[in-house]
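Report on the structure
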Amino acid sequence: MGKANWAPFFHPIGKKIIFSSNHHSPKGYDFQLFMINVDGTGLERITNESLFNAFPMFSPDGKRLVFSSNRNNGGTRDTNLFIADWVE
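I will try to describe carefully the structure that is included in this document. (Residues numbered from 1 in each chain as written. Predicted model: local features only at pLDDT ≥ 70, side-chain atom pairs only at ≥ 80, totals over all residues. Heavy atoms only, no water.)

Geometry of an aromatic ring pair is reported as the spacing of the ring centres plus the angle between the planes. Per the stated rule, a full pass over the model turns up eight aromatic pairs. Ring centres of W6 and F55 lie 4.9 Å apart, and the angle between their planes is 90°; this geometry places the pair in the edge-to-face category. Linking W6 in strand β1 (residues 5–10) with F55 in strand β5 (residues 53–58), this pair joins segments that are 49 residues apart in sequence. Of the residues examined, W6 reaches a relative accessible area of 26% and is grouped as partly exposed. Aromatic pair F58 and W86: ring centres 5.0 Å apart, planes at 85°, arrangement edge-to-face. Separated by 28 residues along the polypeptide, F58 in strand β5 and W86 in the segment after β7 (80–85) bring together distant segments of the chain. Taken together through their ring pairs, the aromatic side chains of W6, F31, F52 and F55 make up a single cluster. In this structure, R71 is placed above the aromatic ring of F82, and the distance from its NZ or CZ to the ring centre is 5.8 Å. (Phe/Tyr/Trp six-rings, centres within 6.5 Å; stacked < 30°, edge-to-face > 60°. Helix = DSSP H or I, 4+ residues; strand = E, 2+ residues; numbered from the N terminus. Buried < 20%, exposed > 50% of the residue type's maximum accessible area, 1.4 Å probe, protein only. Lys NZ or Arg CZ within 6 Å of the ring centre and 35° of its normal.)

The next point concerns the sheet that holds strand β6 (residues 64–69). The strand order across the open sheet built from three strands is β5-β6-β7, with neighbouring strands paired in antiparallel fashion. Edge positions in the sheet fall to β5 and β7, since each has one partner strand and no second. Adjacent strand axes in the sheet meet at a mean angle of 25° when their direction is disregarded. Across four bridges, β5 lies against β6 in antiparallel orientation. (Pairing = 2+ DSSP bridges. Axes fitted to C-alpha atoms, helices over the stretch in contact; angles between N-to-C directions.)

This is how it looks when you write it as structure tokens:
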């Protein structure tokens, strides 16, 4: 099954990019958020819950992260928006 890295978004400081990926998933459908330095170092997994996390965006001041996810959907296919405080 194919793998994808998509929906990239720069952190406001401009040195990191957050994105959605299924590169870690054996079956290819588990999308989680990851962050990486612009030079390609320091890959860090951000989310672990649910099977779909995507479209991450930071607030202009970098203090909040908004993303879509199918977590807490009661077993349906609903996707909702989540806002999280971003702590470095």
